[in-house]
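Listed below, chain by chain, are the residues.
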Amino acid sequence: MRAKTLVELLTLSTNLYMISKDEAFMKNVEEMAKKGKMKLDDFMDDFSETVEFDEETLVQKVMHKANEAKVEFEKKMEELAVTVYKKMNIAHAEDLNNLATKIELLENKIDILESKLETLENKK
């Protein structure tokens, strides 16, 4: 195997280990599973109460709920990734963007100072 693949597998296993050790996250997953089951039961009860229901309406409601779940899942995973990165002292993309912006500003200031210094040297 290539070194890159080994590093990726090591990173993945480390992330999974960190997630499994995060007791609060595991409790949240259990609670979300329970809430999800209750919501699904309520959702299906809504359709069982109505004698006639349209399959298209059912599909639309399921798709809507699936999209909501996807957005919520992505939000939770992003929060978890930030937490794991902080625990492992890995720079997050947002941190890198902030540093790149600061570097650009500093380079601009250096350019200005160099031009001022050049003008002062030319006056002598």
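Refer to the structure presented above.
Computed from a predicted model, the values in this text were never measured in an experiment. (Residues numbered from 1 in each chain as written. Predicted model: local features only at pLDDT ≥ 70, side-chain atom pairs only at ≥ 80, totals over all residues. Heavy atoms only, no water.)

> Can you walk me through the overall build of the chain in this structure?
If you tally the helices and strands in the chain, you get 4 helices and 0 strands. When the helices and strands of the chain are read in sequence order from the N terminus, they spell out α-α-α-α. For the chain, with 124 residues in total, the buried portion stands at 6%. Summed over its atoms, the accessible surface of the chain is roughly 11,400 Å², and 59% of this surface lies on carbon and sulfur atoms. (Helix = DSSP H or I, 4+ residues; strand = E, 2+ residues; numbered from the N terminus. Buried < 20%, exposed > 50% of the residue type's maximum accessible area, 1.4 Å probe, protein only. Areas by Shrake-Rupley, 256 points an atom, 1.4 Å probe, with all protein chains shown as cover.)

> Looking at this structure, I do not really get the environment of lysine 61. What am I missing?
Relative to the elements of secondary structure, lysine 61 occurs in helix H3 (residues 55–88). Lysine 61 sits in the partly exposed class, given a relative accessible area of 41%. In this structure the C-alpha to C-alpha distance between lysine 61 and phenylalanine 43, which are 18 residues apart in sequence, comes to 9.2 Å.

> Before we go on, may I ask you to explain a positive patch on the surface in this structure?
A cluster of basic side chains, namely Lys35, Lys39, Lys61, Lys65, Lys75 and Lys76, defines a positive patch on the protein surface. Among the elements of the structure, helix H2 (23–49) and H3 are those that each provide at least two residues to the positive patch. The element best represented in the positive patch is H3, accounting for 4 residues. As for its position among the elements, lysine 35 is in helix H2. (Patch = residues over 30% accessible without salt bridge, like charges linked within 9 Å, V, L, I, M, F, W, Y side chains within 5 Å. Salt bridge = Lys/Arg side-chain N within 4 Å of Asp/Glu carboxyl O. Lys, Arg positive; Asp, Glu negative; His and termini not counted. Charge placed at Lys NZ, Arg CZ, Asp CG, Glu CD.)

> Quick question: what am I supposed to make of a negative patch on the surface here?
On the surface, a cluster of negative charge is made up of Glu104, Glu107, Asp111, Glu114, Glu118 and Glu121. Note on placement: glutamate 114 falls in helix H4 (residues 93–123). Its relative accessible area of 48% is what places glutamate 114 among the partly exposed residues.

> Is there a simple way to think about the environment of methionine 18 in this case?
For methionine 18, the location among the structural elements is in helix H1 (residues 3–21). Given the relative accessible area of 22%, methionine 18 is considered partly exposed. Sequence separation between methionine 18 and threonine 83 is 65 residues, and the spatial gap between their C-alpha atoms is 9.8 Å. Not counting residues up to four positions away in its chain, the partners in contact with methionine 18 are Val84, Lys87 and Met88. (Contact = heavy atoms within 4.5 Å.)

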